[in-house]
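# Reading the structure
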Number of protein chains: 2
Amino acid sequence: MSNQVIVEVGGCGSSLVRDPLTVDRALALAPLFKALGDPVRLRLLSLVASHAGGEACVCDISGTFDLSQPTISHHLKVLRSAGLLDSERRGSWVCYRVVPSALQQLSALLPTGSEAS
Amino acid sequence: MSNQVIVEVGGCGSSLVRDPLTVDRALALAPLFKALGDPVRLRLLSLVASHAGGEACVCDISGTFDLSQPTISHHLKVLRSAGLLDSERRGSWVCYRVVPSALQQLSALLPTGSEAS
């Protein structure tokens, strides 16, 4: 019988302070962080996530930002391309919803209170 | 007596799914996400954070990456400028340490398991 022990280092659910992040996981996660590296996109994601029912349509969003509709659409598209938001057309509006698994991946990566200190 | 009630929305410790993020908090947090929007920087931060004593010197880091020393130094500088890493010179080496409050800010922003689903 082999006495090899397989240890998963930096696996799917491990925080970045516990084990060095694997190359594959870093490649998968970096685009999520990059998409959130803009204050407008952070606010857009938060607006959608905290809206009633966890969903917001473009009509709920537009009034909050002093930005043109094409600019808001561009930022929503970046969040959607990164897999942080899903969208669905409802009549003449497009509605957005956060992808819970994407936020869970980021949450799992960051340390809990006791790990971070 | 005034019957005004001041309610803090999207305050310092609130996750982005609970309340819409304030403009000031989005402006403060976006650079942290932006700095982590690169797979090499994510791995560098994780390598430093998970290293013995929560600290790693350039000599501990260099061998892990198939990158030139100036490239690694550039990425470490970006992480330091964003306030995610602190550095200290020790003889001929520079040593890096994660800034716990920076990671705590990101952790606090992201939803806990039950909030994310």
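Before reading on, note that the structure itself is shown above.
Below is a short write-up of the structure. What you see is a predicted model, and the numbers here were worked out from it, not measured in a lab.

### Observations regarding the interface of chain B and chain A
- Taken together, the contact pairs 36 residues of chain B with 36 residues of chain A.
- Note on chain B versus chain A: buried area summed over both sides is about 2800 Å², and carbon and sulfur give 74% of it.
- Seen at the junction of chain B and chain A, the total is six residue pairs in polar contact (both at pLDDT 80 or more).
- Elements with a contribution of two residues or more to the side of chain B that touches chain A: helix H1 (23-35), helix H2 (39-50), helix H5 (100-109) and helix H6 (113-116) of chain B.
- The dominant element in the side of chain B that touches chain A, judged by the number of residues it contributes, is H2 of chain B, at eight residues.
- Here the side of chain B that touches chain A is composed, by residue class, of 23 nonpolar, eight polar and five charged.

### A few points about the sheet that holds strand E3 (residues 93-98) of chain B
Residues and elements named next belong to chain B.
- Reading across the sheet, the three strands line up as E1-E3-E2 and stay open at both edges, with antiparallel pairing between neighbours. Of all the strands in the sheet, the pair left with one neighbour each is strand E1 (55-57) and strand E2 (85-90). The sheet shows a mean angle of 25 degrees between the axes of neighbouring strands, direction not considered.
- Where E1 and E3 come together, three bridges link them in antiparallel fashion. Among the inter-strand pairings, Ala56 is bridged to a residue of E3, identified as Tyr96.

### A closer look at the side chain of Glu55 of chain A
- Mapped onto the secondary structure, Glu55 of chain A falls in strand E1 (residues 55-57).
- Ignoring anything within four residues of it in the chain, the contact list for Glu55 of chain A reads Val48, Arg90, Cys95, Tyr96 and Arg97 of chain A.

### Looking at the relation of the copies chain B and chain A
- Overlay of chain B on chain A (RMSD 0.0 Å): rotation 180 degrees, translation along the axis 0.0 Å. Expressed as an axis order, the relation between the two copies is that of a two-fold axis.
- The residues that chain B uses at the interface reappear at the interface of chain A in 100% of cases, marking a shared surface.

### Thoughts on the state of the cysteines
All names here are of chain A.
- Per the counting criterion, the structure on display carries two disulfides over all chains.
- A disulfide bridge connects Cys57 with Cys95, and the sulfur atoms are separated by 1.7 Å. Looking down the S-S bond of the Cys57 and Cys95 bridge, the torsion is 80 degrees, so its handedness is right-handed. On the criterion of sequence distance, the pair formed by Cys57 in strand E1 and Cys95 in strand E3 (residues 93-98) is long-range, its members being 38 residues apart. In this pair, the class of Cys57 matches that of Cys95, namely buried.
- Looking at the unpaired Cys59, the closest cysteine sulfur is the one in Cys57, lying at 5.1 Å.

### Side note on the nonpolar core
- Core analysis: the largest hydrophobic core is formed by 70 residues, its most contacted members being Ile61 and Leu84 of chain A together with Ile61 and Leu84 of chain B.
- In this structure Ile61 of chain B touches Leu44, Leu47, Val48, Ala56, Ile72, Leu76 and Tyr96 of chain B, once residues within four positions along its chain are discounted.

### Structural notes on the pattern of salt bridges
- Counting across every chain of the model gives six salt bridges over all chains.
- Across the pair Glu55 of chain B and Arg97 of chain B runs a salt bridge, and its minimum N-O distance is 3.2 Å. Of this pair, Glu55 of chain B sits in strand E1 while Arg97 of chain B sits in strand E3, and the two are 42 residues apart along the sequence.
- Exposure remark for Glu55 of chain B: the relative accessible area of 18% places this residue in the buried category.
- Close ionic contact of Glu88 of chain B with Arg90 of chain B constitutes a salt bridge, the shortest N to O distance being 3.5 Å.
- One network of salt bridges, with partners in common, ties together Glu55, Glu88, Arg90 and Arg97 of chain A.

Conventions adopted
- Residues numbered from 1 in each chain as written.
- Chains lettered and ligands numbered in written order.
- Predicted model: local features only at pLDDT ≥ 70, side-chain atom pairs only at ≥ 80, totals over all residues.
- Heavy atoms only, no water.
- Contact = heavy atoms within 4.5 Å.
- Buried area = accessible area lost by both parts, 1.4 Å probe.
- Polar contact = N/O pair within 3.5 Å; in protein donor to acceptor, adjacent residues only side chain to side chain.
- Helix = DSSP H or I, 4+ residues; strand = E, 2+ residues; numbered from the N terminus.
- Nonpolar A, V, L, I, M, F, W, Y, C, P; charged D, E, K, R; others polar.
- Pairing = 2+ DSSP bridges.
- Axes fitted to C-alpha atoms, helices over the stretch in contact; angles between N-to-C directions.
- Least-squares fit on C-alpha atoms with pLDDT ≥ 70 in both.
- Disulfide = S-S within 2.5 Å.
- Buried < 20%, exposed > 50% of the residue type's maximum accessible area, 1.4 Å probe, protein only.
- Core = buried A, V, L, I, M, F, W, Y, C linked by side-chain atoms within 4.5 Å.
- Salt bridge = Lys/Arg side-chain N within 4 Å of Asp/Glu carboxyl O.

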